[in-house]
Amino acid sequence: MDTDELPVVLPSTTASGLSIALHPLPILNISEHLTRLRLQTRTRVPFVIGALLGTQNGRDVEIVNTFELAMEDDGETVDQGFLVTRKEQYKQVFPSLEFIGWYTVAERPTARHIALNEQFTPYSSTPLLLILQPSTVFAASADASGQSLPLKAYEPTLEIRDRKSRSVFVEVPFSVETGEAERIAVDWTAKGGSGGTSLESHLQTQRAAVKMLHDRILLLVKYVSDVIAGSAKKDHATLRALSALIASLPASENKEFREEFDTEYEDVQLTAYLANLTKSANLLNDLVDKHVVLSSSREDRGGMGMRRRGMMGRPTDFDRFH
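Starting from 1, residues in each chain are numbered consecutively following that chain's sequence as written. The predicted nature of this model means local features are confined to residues of pLDDT at least 70 and side-chain atom pairs, given and counted, to a pLDDT of 80 or more, with totals for whole chains, interfaces and linings taken over all residues. The side-chain values count all of the structure's non-hydrogen atoms but skip hydrogen atoms and water molecules.

## Some remarks on the side chain of His113
- Only runs of H or I of at least four residues qualify as helices and only runs of E of at least two qualify as strands under DSSP, and these elements are numbered from the N terminus. Checked against the element boundaries, His113 lands in helix α3 (residues 111–118).
- Among the residues examined, His113 registers a relative accessible area of 6% and is labelled buried.
- Residues within four places of His113 in sequence aside, it is in contact with Trp102, Thr104, Ala106, Arg108, Leu129 and Phe169. The classification of residues rests on relative accessible area computed with a 1.4 Å probe and restricted to protein chains. Under 20% of the type maximum is buried, over 50% is exposed, and intermediate values are partly exposed. Whether two residues touch is decided by their heavy atoms; if any such pair falls within 4.5 Å, the residues are in contact.

## A word on the sheet that holds strand β4 (residues 98–105)
- A sheet is described by the order of its strands in space; here eight strands give the open sequence β7-β6-β5-β4-β2-β3-β1-β8, paired in mixed fashion. Lying at the two open borders of the sheet, with one neighbouring strand each, are β7 (164–172) and β8 (174–176). In this sheet, adjacent strand axes meet at a mean angle of 35° when their direction is disregarded.
- To get an axis, fit a line to the C-alpha atoms, keeping to the stretch in contact for a helix; angles then go from 0 to 180 degrees between the N-to-C directions. With respect to the sheet, helix α1 (residues 24–41) is in contact with β1 (19–22), β2 (49–57), β3 (60–68), β4, β5 (128–132) and β6 (151–161), its orientation differing from that of β3 by roughly 30°.
- On the sheet, α3 packs against β4, β5, β6 and β7 and is oriented at approximately 95° with respect to β7. When DSSP finds at least two bridges between two strands, those strands are taken to pair.

## A word on the packing of aromatic side chains
- Paired rings are identified among Phe, Tyr and Trp, the last through its six-membered ring, by centres lying within 6.5 Å, and are further divided according to the angle between planes into stacked (under 30 degrees), edge-to-face (over 60) and tilted (the rest). Summed over the entire model, instances satisfying the criterion amount to six aromatic pairs.
- Summarising the aromatic geometry, the rings of Trp102 and Phe120 are spaced 5.3 Å apart at their centres and angled 25° between planes, so their arrangement reads as stacked. Placement of Trp102 in strand β4 and of Phe120 in the loop between α3 and β5 is noted, with a sequence separation of 18 residues between them. Like Phe120, Trp102 is buried.
- In textbook terms, an aromatic cluster arises when at least three aromatic residues are bridged by ring pairs, as seen for Phe99, Trp102, Phe120 and Tyr123.
- Criterion for a charge above a ring: Lys NZ or Arg CZ within 6 Å of the ring centre, and within 35 degrees of the ring normal. When the ring centre of Phe47 is taken as reference, the NZ or CZ atom of Arg112 above it lies at 4.2 Å.

## As for the pairing of β6
- Summarising the sheet, β5 and β6 pair through four bridges and their orientation is antiparallel. Residue Leu130 lies in a different strand from β6, and its bridge partner there is Ala153.
- Sheet topology note: the β6/β7 ladder contains nine bridges and is antiparallel. Counted as the bridge partner of Glu155 is Val170 from β7.
- Following β6, the chain reverses through two residues before pairing antiparallel with β7; Asp162 in that reversal takes a positive phi of roughly 55°.

## So, the pattern of salt bridges
- Think of a salt bridge as a Lys or Arg side-chain nitrogen and an Asp or Glu carboxyl oxygen that are within 4 Å of each other. Using the criterion set out here, one finds 10 salt bridges in the structure.
- Linking Glu171 and Lys152 is a salt bridge whose minimum nitrogen-to-oxygen distance equals 3.1 Å. With Glu171 in strand β7 and Lys152 in strand β6, the pair connects residues that are 19 residues apart, well separated along the chain.
- Residue classification places Glu171 among the partly exposed residues on the basis of a relative accessible area of 36%.
- Judged by its relative accessible area of 16%, Lys152 is buried.
- A salt bridge links Lys222 to Asp226; the shortest N-O distance between them is 3.1 Å. With a gap of four residues between them, Lys222 and Asp226 both fall in helix α5 (residues 198–229), about one helical turn apart.
- Several salt bridges share partner residues, and in doing so they unite Glu32, Arg36 and Glu68 into one network.

## Section: the confidence of the model for the protein chain
- Averaged over every residue, the pLDDT of the protein chain is 82; residues scoring 70 or more account for 82%.
- Of all the helices and strands in the protein chain, helix α8 (residues 317–321) carries the lowest mean pLDDT, 49, while β4 carries the highest, 95.
- Contacts for the low-pLDDT stretch residues 137–147, under 50 throughout, to residues beyond four places or in other chains number 13 contacts. Values of pLDDT, ranging from 0 to 100, describe the predictor's confidence in every residue of the model.

## Some thoughts on unusual backbone geometry
- Although it is not a glycine, Arg42 adopts a positive phi angle of roughly 55°.
- Among the structural elements, Arg42 can be located in the loop between α1 and β2.
- With a relative accessible area of 77%, Arg42 lands in the exposed category.

Right, dumping it as structure tokens:
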């Protein structure tokens, strides 16, 4: 078998001695980087790459911050000049932070990631790789070390196969670590900042929750469709969990439920209509009041003008009839 066809990630039985603590700021930076490139390139999974900054004490690694990286025109080579410049700039502001690895967006590591990882060895002997997997369906398993976030951390190592060595990755478990200041900042960001009212913040939170639920439902539907089509591996624990979830939902196709739902929907629509009608009536009332005030002021000015003409000696109605 050709070496290039071999997987670049060692089996889960191979354990790594690293202990990684991931802070919320890198997660937010990577998510923002991916979202911005999606809007700019109009592609679902654009090529995202950036550097990881943090501290390392023995086998304990702490990822604290990130910054974006640039690529050469060939799309396969990292712009080393840009990397060095940005690293030195961050070093001046955060002297304790070192370059400890890089991040990207993909379903799993490939040979391309091995080649990219070797370009970072001048700055770190074992650069870590943090991969964001936004479209991966995590099947339920009995492994207690499974991560709840769509992130995977990998450590580079060497594998000896057929008396030949090759670079591979070993998956490393991580934990999310945060301080009091970071919790306040993340909560402030999740609520949309300090601007706006509490109602807007509440509605934004509900919208984000509904959107997240919708995205997860789409992932589950895609997973079941792939299992039926035979393109995804069947996991009985996941399918049993889905069956139990569907069975726990209330029946929504019977006639009584549909009539009650339609009644509630019509009541909500009628309430919204009455609120808009009341608001329109108030606006119309204000407009009428302003028109009355303006008309009254014009009449007052007209009466004063006629009195002035009488005082200047011109004939008035009193002079004509008396």
